[in-house]
Amino acid sequence: MDAGMIVFDLDDTLLRDDRTVSDETVQVMREAARRGIHIVPASGRAQASMQGVVERLGCVSCYISCNGGEIYNAAHQPLQKVAFSTKEALDIAAFLEQEDCYFQVYAGDKFFYNKECGYAESYAQATLLSGQCVGKLTDFIHQPTAKVLAMDEPERIAKLLEKSRKVFAGRASVTCSKPYFLEFNPPEATKGNALVWCARHLGVDISRTIAFGDSLNDVSMLSAAGRGVAMKNAREDVLAMDFAVTHLTNDQDGVADYITKHILT
């Protein structure tokens, strides 16, 4: 494939299961960049928790955070931001409080959550962000926010995903990056829209873009790209869609392997 831009999710896609980027993957990405291909990470993570990966790769043109809600250049300066109004964020918070969910919002390099539990601790460990329990978030939210994230058991998240999409139809993009995550973003804030924006910003025809992902929040990006590639370890419902599939998993450097065989040859 004659690629001009490579876009990829982080968790369960580029990152290994221990949340590291292998030396092989770094070398492949840098070789692609050396050949003039733009490298664009795209994650549901907040910007602050992506900086380490961006620096590790050392060849990023720009990157997408908050499921497309924010786009930054390699120097971590904002290029575009989309956020819920304070009212919309409060409406989502009220809904999640009624459902008795653990959930959180973001500001700067911190996340703020509603109740102490293992979800907050595991999230902090996974993202390297610091969190603060503030109690009732409908009393805490006083400004626009790019993302609201709820966590629960996968069976409950699956039910809440369906319910949330009906309740907030046209008002929010609701998706999952992991089976126990339920993620709310403004309706226009999707990885697919962000991919299109980055392609225009970097002067790359959309047909020359390739995207890698594993979960529901990646589907818009895989669909928008010239070629969408699902990971071998992707969700079953994503694997059932009409995307190419890597031969190796994220823990086997599946993205680097695919790029080497299909782009750098």
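Scroll up for the structure.
Residues numbered from 1 in each chain as written. Predicted model: local features only at pLDDT ≥ 70, side-chain atom pairs only at ≥ 80, totals over all residues. Heavy atoms only, no water.

Enquirer: Any details on the nonpolar core? Residues and values, ideally.
Expert: Note that soluble globular proteins tend to have their nonpolar side chains buried in a common cluster. Residues Met 5, Val 7, Ile 64, Leu 96, Leu 182 and Phe 184 are the most contacted members of the largest nonpolar core, which totals 45 residues. The element contributing the most residues to this core is helix α4 (residues 86-98), with five residues. With sequence-adjacent residues up to four places away left out, Leu 96 is seen in contact with Cys 101, Phe 103, Val 148, Ala 150 and Phe 184. Counting 31 residues, the second largest nonpolar core, distinct from the first, contains Ala 3, Ile 6, Val 21 and Tyr 258. (Core = buried A, V, L, I, M, F, W, Y, C linked by side-chain atoms within 4.5 Å. Buried < 20%, exposed > 50% of the residue type's maximum accessible area, 1.4 Å probe, protein only. Helix = DSSP H or I, 4+ residues; strand = E, 2+ residues; numbered from the N terminus. Contact = heavy atoms within 4.5 Å.)

Enquirer: Quick one: what's the story with the environment of Ser 215, residue by residue and with numbers?
Expert: Here Ser 215 lies in the loop between β12 (209-213) and α9 (219-224). Exposure remark for Ser 215: the relative accessible area of 1% places this residue in the buried category. Discounting residues that sit within four places of it in the chain, Ser 215 has contacts with Cys 176, Ser 177, Lys 178, Arg 235 and Val 238. Among the polar contacts made by the side chain of Ser 215, one reaches the main-chain carbonyl oxygen of Cys 176 at a distance of 3.2 Å. (Polar contact = N/O pair within 3.5 Å; in protein donor to acceptor, adjacent residues only side chain to side chain.)

Enquirer: Explain the pattern of salt bridges to me, and be specific about the residues and the numbers.
Expert: Any two side chains of opposite charge can pair if their charged atoms end up close together. For the structure on display, the rule yields 20 salt bridges. Its salt-bridge partner being Arg 208, residue Asp 2 comes within 3.2 Å of it at the nearest N-O pair. Here Asp 2 is found in the segment before β1 (5-8), whereas its partner Arg 208 is found in the loop between α8 (191-202) and β12, with 206 residues between them in sequence. Taking the relative accessible area as the measure of exposure, Asp 2 reaches 55% and is therefore exposed. Accessibility expressed as a relative area gives 29% for Arg 208, which makes it partly exposed. Across the pair Asp 91 and Lys 87 runs a salt bridge whose closest N-O atoms are separated by 3.0 Å. Of this pair, Asp 91 and Lys 87 both sit in helix α4, four residues apart, which is roughly one turn of that helix. (Salt bridge = Lys/Arg side-chain N within 4 Å of Asp/Glu carboxyl O.)

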